[in-house]
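# Chains, contacts and geometry: an overview
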Amino acid sequence: QVQLVESGGGLVQPGGSLRLSCAASGFTFSNTGMSWYRQAPGKERELVATITSAGSSSNYADSVKGRFTISRDNAKNTVYLQMNSLKPEDTAVYYCFIPSLWYWGQGTQVTVSS
């Protein structure tokens, strides 16, 4: 059974940092590309970052380039999203996603506010 469990969200001040984790199980993680999406209140869900199965390539939304870094540890079946220089507009629920299986995690709330 496929499972994605996100963690690491919370309340942070503008300019701060957070690292999100997504622990995966129930499929061959090391063969699977992964993505992070986010959805702010009243807005559509948007792609934040994606990473290939080996972690050799990644892509980012223009709005987070240079501030966010997606990475993975295939030995731990975990994908990460390091978020630096956070802005109030980064406030959203962040979701881990498996594109090849069209499977979503439950999401973790990130709130950037002073």
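Source: prediction; values computed, not measured. (Residues numbered from 1 in each chain as written. Predicted model: local features only at pLDDT ≥ 70, side-chain atom pairs only at ≥ 80, totals over all residues. Heavy atoms only, no water.)

### So, the sheet that holds strand E1 (residues 3–7)
Taken in spatial order, the four strands of this open sheet run E1-E3-E8-E7, and their pairing is antiparallel. Each edge of the open sheet carries a strand with a single partner, namely E1 and strand E7 (68–73). Recorded for the sheet is a direction-independent mean angle of 15° between the axes of neighbouring strands. Taken together, the six bridges between strand E3 (residues 18–25) and strand E8 (residues 78–83) define a ladder with antiparallel strand orientation. Note on E8: the bridge partner recorded for Arg19 is Gln82. (Pairing = 2+ DSSP bridges. Helix = DSSP H or I, 4+ residues; strand = E, 2+ residues; numbered from the N terminus. Axes fitted to C-alpha atoms, helices over the stretch in contact; angles between N-to-C directions.)

### Observations regarding the packing of aromatic side chains
Inspection of the entire model under this criterion finds seven aromatic pairs. Arranged with centres 6.4 Å apart and planes meeting at 85°, the rings of Trp102 and Trp104 form a pair that is edge-to-face. Since its relative accessible area comes to 63%, Trp102 is described here as exposed. Through a chain of ring-to-ring contacts, the aromatic side chains of Tyr37, Tyr95, Phe97, Trp102 and Trp104 assemble into a single cluster. Cation over ring: Arg45 sits above Tyr95, and NZ or CZ is 3.7 Å from the ring centre. One cation-aromatic arrangement involves Arg45 over Trp104; the distance from NZ or CZ to the ring centre is 4.4 Å. (Phe/Tyr/Trp six-rings, centres within 6.5 Å; stacked < 30°, edge-to-face > 60°. Buried < 20%, exposed > 50% of the residue type's maximum accessible area, 1.4 Å probe, protein only. Lys NZ or Arg CZ within 6 Å of the ring centre and 35° of its normal.)

### Re the state of the cysteines
One pass over the structure, following the stated rule, counts one disulfide. In this model Cys22 forms its disulfide with Cys96; the gap between the sulfur atoms is 2.2 Å. On the sign convention where negative is left-handed, the bridge of Cys22 and Cys96, at about -85° about the S-S bond, is left-handed. Of this pair, Cys22 sits in strand E3 while Cys96 sits in strand E9 (residues 92–98); the two residues are 74 residues apart in sequence, bridging distant segments of the chain. There is no split in this pair, since Cys22 and Cys96 are both buried. (Disulfide = S-S within 2.5 Å.)

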